[in-house]
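Coordinates in review
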There are 2 protein chains.
Amino acid sequence: MSEGLRERKKRETRLRISDIATGLFMARGFDNVTVAEVARAADVSVNTVFNYFATKEDLLLDRTPEVEELLVRVFLERGPGESVLQAVRRDFLEALGAGHYRYGFHEGGDVFIRIIEASPSLSARVREMNETREHRLAEAVADELDADPDDLTPAVVAAQIGATLRTVVGYAVRRMLAGETVEAIAPDLRRQAEHAFALLEKGIGDYGARREGRQRS
Amino acid sequence: MSEGLRERKKRETRLRISDIATGLFMARGFDNVTVAEVARAADVSVNTVFNYFATKEDLLLDRTPEVEELLVRVFLERGPGESVLQAVRRDFLEALGAGHYRYGFHEGGDVFIRIIEASPSLSARVREMNETREHRLAEAVADELDADPDDLTPAVVAAQIGATLRTVVGYAVRRMLAGETVEAIAPDLRRQAEHAFALLEKGIGDYGARREGRQRS
DNA sequence: CACTAATTTTTAAGTCACTGCAAAATTTGT
DNA sequence: ACAAATTTTGCAGTGACTTAAAAATTAGTG
């Protein structure tokens, strides 16, 4: 009784709609494709589309939950003695080195970036995503360090880390929009990231560092 | 030949629409008021409303340009030896002390905050505003220090300052939504701001400090 | 004042995301 | 095979926003 016909069909339909929508968006841009077209191409009614996806933006940005939890995960899985900032920087650089570009959403290359950058509503969505990503991190940090509810430090640190990350990613985005590949940018990007995080680290110090002999993972 | 009838009427009409819209939004919330209602109350057609304001959000957030240039102005007018961060912090604390709450948009008290917080599209607009505010600051800093185009430092610093500011303001907003007045929050807010900026300062140091004998204002 | 050009306002018709609801189709368990 | 639960669809909105052309207003000139 792992999965009934109903569940399977739902999963398939959802995936089909999302895939077809993404394809159309890539081919013609987000704002030049209507939900009705997506529905027609996926052979469902418009209402069914909205049954699976709350907004048109969700058709493309379906993995936002993962992105929003990314920093929390990195924080919770950080090594002994590693500070919040150290963990994020390490994970970012690892991702960069491994070619897994999880910080620029999607491994699809610059196609997604172009779609998002060209659409105001998608850009707005990404900003929202960044915000909640920082809020989640702040929560997690405050929680694990059981900080005083009136202590803004977790929120400040999370926001500053998020700001740094966004700036560095923004740099990469700009160069990718100019036509360069991730591989071509990587060395510069690494340098910029190290510099940007260093700028922040001297201020944050070891705040949030997990104490030795108390680590989780 | 200071101002013809036509210009005066335009100015008046624009102001009337904006004022009436703001009044309606305050009374019944942003999403419970249609543009058609605003138009009817202002005794113009819907198209005239859109003639003056590009979006419904602009009916309320009409002063965004000022907010977006705020940090640039503070930066450009900073005193001798004062760093970017020092200037922003000083201006923020001055505003707080003087009761001029220009960092929490509008002196109207918590009413605006409530309207904005209750409306997703307005919140999105505020996020966008914050972003361009940081971009403007980054531009101005890079410009005045004539930084290398590949130097991310101005952008990183601007983003981190913006993040800090947003966090502190967010703290105030939360307490105001809980019913407290600005005056009641002020002391805590001051302390939090000093702490948050201190957190950042140790990392930023004197970056962006105007060199002695070279100031502008 | 009269008359024309420029500008603003309105009217009308439409697009598109998204909602609510009831009917129809499908799946499930028995 | 039948009834209950669930999913899909059709239909009729709502509301922000666009476009284009007609109508009203204002400006400038003789």
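As the structure is a computational prediction, the values presented were derived from the model and not from experiment.

**Things to note about the confidence of the model for chain A**
All names here are of chain A.
- Averaged over every residue, the pLDDT of chain A is 89; the share at 70 or more is 90%.
- The model gives residues 204–210 a pLDDT under 50, and that stretch makes 37 contacts with residues more than four places away or in other chains.
- In this model, residues 213–217 is a region of pLDDT below 50 whose contacts with residues beyond four sequence positions or in other chains number eight contacts.

**Section: the protein's contact with DNA strand D**
- Around DNA strand D sit 19 residues in total, of which A:Asn47, A:Thr48, B:Lys9, B:Asn47 and B:Lys56 are the nearest.
- Sugar and phosphate atoms form 66% of the subset of DNA strand D atoms that lie within 4 Å of the protein.
- A distance of 2.7 Å separates a base oxygen of DNA strand D from a polar atom in the side chain of B:Asn47.
- At the level of secondary structure, the elements contributing two or more residues to the surface near DNA strand D comprise helix H1 (5–28) and helix H3 (46–52) of chain A together with helix H1 (5–28) and helix H3 (46–52) of chain B.
- The element best represented in the surface near DNA strand D is H3(A), accounting for four residues.
- The residue makeup of the surface near DNA strand D, split by class, is six nonpolar, eight polar and five charged.

**Comments concerning the protein's contact with DNA strand C**
- If you check the shell around DNA strand C, you find 19 residues, and the closest are A:Lys9, A:Asn47, A:Lys56, B:Asn47 and B:Thr48.
- Of everything in DNA strand C that lies within 4 Å of the protein, sugar and phosphate atoms constitute 67%.
- Between A:Asn47 and DNA strand C, the recorded distance is 2.7 Å, taken from a side-chain N or O atom to a base oxygen.
- Measuring from a phosphate oxygen of DNA strand C, one finds a side-chain N or O atom of B:Tyr52 at 3.0 Å.
- Elements represented by at least two residues in the surface near DNA strand C include exactly H1 and H3 of chain A together with H1 and H3 of chain B.
- Within the surface near DNA strand C, the residues separate by chemical class into six nonpolar, eight polar and five charged.

**Details of the UniProt feature "DNA-binding region" (unreviewed entry) in chain A**
- In the numbering used here, UniProt assigns the "DNA-binding region" (unreviewed entry) feature to residues 34–53 of chain A.
- Segment residues 34–53 of chain A splits into 75% helix and 0% strand. End C-alpha atoms: 14 Å apart.

**Examining the packing of aromatic side chains**
- For the coordinates displayed, the defined rule picks out four aromatic pairs over all chains.
- Ring plane angle 70 degrees and centroid distance 5.2 Å describe the contact between A:Phe92 and A:Tyr103, whose orientation is recorded as edge-to-face. In this pair, A:Phe92 sits in helix H5 (residues 84–97) while A:Tyr103 sits in the loop between H5 and helix H6 (110–118), placing the two residues eleven residues apart along the sequence.
- A:Tyr103 gets classed as buried once you look at its relative accessible area, which sits at 3%.
- Judged by centre distance (4.8 Å) and plane angle (55 degrees), the ring pair of B:Phe25 and B:Phe30 falls under tilted.
- For B:Phe30, a relative accessible area of 2% corresponds to the buried category.

Rules used in this analysis
- Residues numbered from 1 in each chain as written.
- Chains lettered and ligands numbered in written order.
- Predicted model: local features only at pLDDT ≥ 70, side-chain atom pairs only at ≥ 80, totals over all residues.
- Heavy atoms only, no water.
- pLDDT = per-residue confidence, 0-100.
- Contact = heavy atoms within 4.5 Å.
- Near = heavy atom within 4 Å.
- Polar contact = N/O pair within 3.5 Å; in protein donor to acceptor, adjacent residues only side chain to side chain.
- Helix = DSSP H or I, 4+ residues; strand = E, 2+ residues; numbered from the N terminus.
- Nonpolar A, V, L, I, M, F, W, Y, C, P; charged D, E, K, R; others polar.
- UniProt positions renumbered as here; feature names shortened; annotations may be inferred.
- Phe/Tyr/Trp six-rings, centres within 6.5 Å; stacked < 30°, edge-to-face > 60°.
- Buried < 20%, exposed > 50% of the residue type's maximum accessible area, 1.4 Å probe, protein only.

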